[in-house]
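Commentary on secondary and tertiary structure
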Amino acid sequence: AQSVTQLGSHVSVSEGALVLLRCNYSSSVPPYLFWYVQYPNQGLQLLLKYTSAATLVKGINGFEAEFKKSETSFHLTKPSAHMSDAAEYFCAVSGGSARQLTFGSGTQLTVLP
Amino acid sequence: DSGVTQTPKHLITATGQRVTLRCSPRSGDLSVYWYQQSLDQGLQFLIQYYNGEERAKGNILERFSAQQFPDLHSELNLSSLELGDSALYFCASSAGDRTFFGPGTRLTVL
């Protein structure tokens, strides 16, 4: 079975500071990994995905994530936080023949002025 | 806009009732997924259909059922509703390794 664990249900950063959201995965096969963002009262939007190509993946809105097999991690980073980045972020792994997503518990990002 | 549409946006009903949630996938996508997001359980995969056939089941209760029609839209039927069924229900469709989510239907059971 595949799973992801997000460390830290709440993260606060100051505007302009580095954003680091942590995700560790467990998978018996090479995983497909994703980061999604959910703004209040909205659906899930794909930020970026890892599908066994480059280990450093660049996404939308200045976010990127690095796949580290040795650490079973796929942490999300952004060099400089913006107020508009405040949202909930979900790490997910895709598995099974149906390619359904298994989500982490989410990390609420607060950006302080 | 993901291209996945869901209706209704909000639904308020009483315990014991039955409701139907509707989803239209992105044009050309054959796969439809249903997910439930609740405070207790987080985001959970419920069920997937591919071109009208059930492909995979997740943590879907027996009181819940779904189907996908020839025009590829899907419906999720929730019956004998309980307070704990209150949640945000997402539909998603996929193309290759990308999954696109609809805006969700917020179900409140009173």
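What counts, and at which threshold
- Residues numbered from 1 in each chain as written.
- Chains lettered and ligands numbered in written order.
- Predicted model: local features only at pLDDT ≥ 70, side-chain atom pairs only at ≥ 80, totals over all residues.
- Heavy atoms only, no water.
- Helix = DSSP H or I, 4+ residues; strand = E, 2+ residues; numbered from the N terminus.
- Rg over C-alpha atoms; globule rule 2.2 N^0.38 Å.
- Buried < 20%, exposed > 50% of the residue type's maximum accessible area, 1.4 Å probe, protein only.
- Contact = heavy atoms within 4.5 Å.

Quick notes on the overall build of chain A
Helix and strand content of chain A: 0 helices and 11 strands. From first element to last, N terminus to C terminus, chain A shows the α and β order β-β-β-β-β-β-β-β-β-β-β. Against the 2.2 N^0.38 benchmark of 13 Å for 113 residues, chain A shows a C-alpha radius of gyration of 13 Å, consistent with a compact globule. Seen along its three principal axes, the alpha-carbon backbone of chain A occupies a region of about 45 × 30 × 20 Å.

Some thoughts on the environment of Pro70 of chain B
Residues and elements named next belong to chain B. Summarising the element assignment, Pro70 is placed in the loop between β7 (64-68) and β8 (74-78). The exposed category is assigned to Pro70, whose relative accessible area is 83%. Placed 18 residues apart in sequence, Pro70 and Gly52 show a C-alpha to C-alpha distance of 6.4 Å.

Brief notes about the environment of Leu30 of chain B
Residues and elements named next belong to chain B. Mapped onto the elements, Leu30 comes out in the loop between β3 (19-24) and β4 (31-38). A relative accessible area of 28% means that Leu30 is categorised as partly exposed. Sequence spacing of Leu30 and Ala95 is 65 residues, and the spatial spacing of their C-alpha atoms is 8.1 Å. Setting aside residues no more than four positions away along its own chain, Leu30 makes contact with Tyr49, Tyr50, Asn51, Gln68 and Leu72.

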